[in-house]
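Reading the structure
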Amino acid sequence: MTTTERLVDVGASQDVPERGRLVVEISTDAGSVTLGIFRFGGRLHAWENRCAHQGGPACQGRIVSRVSERLDDEQRSLGLRFDEDTMHVVCPWHGFEYDVVTGRHPGRPDLALRSLPVSEDGGRIRVAL
Ligand code: FES
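Below, the structure is looked at part by part. None of these values were measured; they are calculated from a predicted model.

This paragraph deals with unusual backbone geometry. A positive phi is found at Arg 19, a non-glycine position, where the angle reads about 65 degrees. Following the sequence through the fold, Arg 19 ends up in the loop between strand E1 (7–12) and strand E2 (21–28). Within the chain, Gln 75 stands out as a residue other than glycine whose phi angle is a positive 65 degrees. Given the relative accessible area of 56%, Gln 75 is considered exposed.

So, on to the pattern of salt bridges. Under the defined criterion, the tally for this structure stands at nine salt bridges. Between Glu 84 and Arg 19 there is a salt bridge, with its nearest N and O atoms 3.6 Å apart. Of this pair, Glu 84 sits in strand E6 (residues 77–90) while Arg 19 sits in the loop between E1 and E2, placing them 65 residues apart in sequence. On the basis of relative accessibility, which here comes to 48%, the residue Glu 84 falls in the partly exposed class. Within this structure, Asp 9, Arg 124 and Arg 126 form a network of salt bridges that share partners.

Structurally, Phe 82 can be placed in strand E6. Given the relative accessible area of 53%, Phe 82 is considered exposed. Considered as a pair, Phe 82 and Val 16 are 66 residues apart in the sequence and their alpha carbons are 22 Å apart. Ignoring sequence-local partners within four residues, the contact set of Phe 82 consists of Ser 65, Arg 66 and Val 67.

Definitions and limits used
Residues numbered from 1 in each chain as written. Predicted model: local features only at pLDDT ≥ 70, side-chain atom pairs only at ≥ 80, totals over all residues. Heavy atoms only, no water. Helix = DSSP H or I, 4+ residues; strand = E, 2+ residues; numbered from the N terminus. Buried < 20%, exposed > 50% of the residue type's maximum accessible area, 1.4 Å probe, protein only. Salt bridge = Lys/Arg side-chain N within 4 Å of Asp/Glu carboxyl O. Contact = heavy atoms within 4.5 Å.

Distances and angles like these do not, on their own, reveal function.
Right, here's the structure in full:
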């Protein structure tokens, strides 16, 4: 953390259950910023609520497991399945998906949400701005 950053208490740990999310708006000297805080695998991940496509509220979209296609030895489809080891959030404007752990679009690695440092201590969640 640099000297210009400040820690902001954004809520209680219990506000973000496993596979859950909390969206908060924080006032800053430069205006306000809206964040999405997600918990997956016990860890928190914080992203600016601004889609890399056209600025939509990506963190407020539907939370889904990644969909993958199973193939047989001859590369024929065996159908789609949900991958419970990966959690995505889907931007409600045009459907771009982001991995909540990496913040990246699964098919377009050049597109990602902006991350913010998040920590948890004493049952409170804090974000560095
Ligand atoms: S603004 Fe998010 S998908 Fe277009």
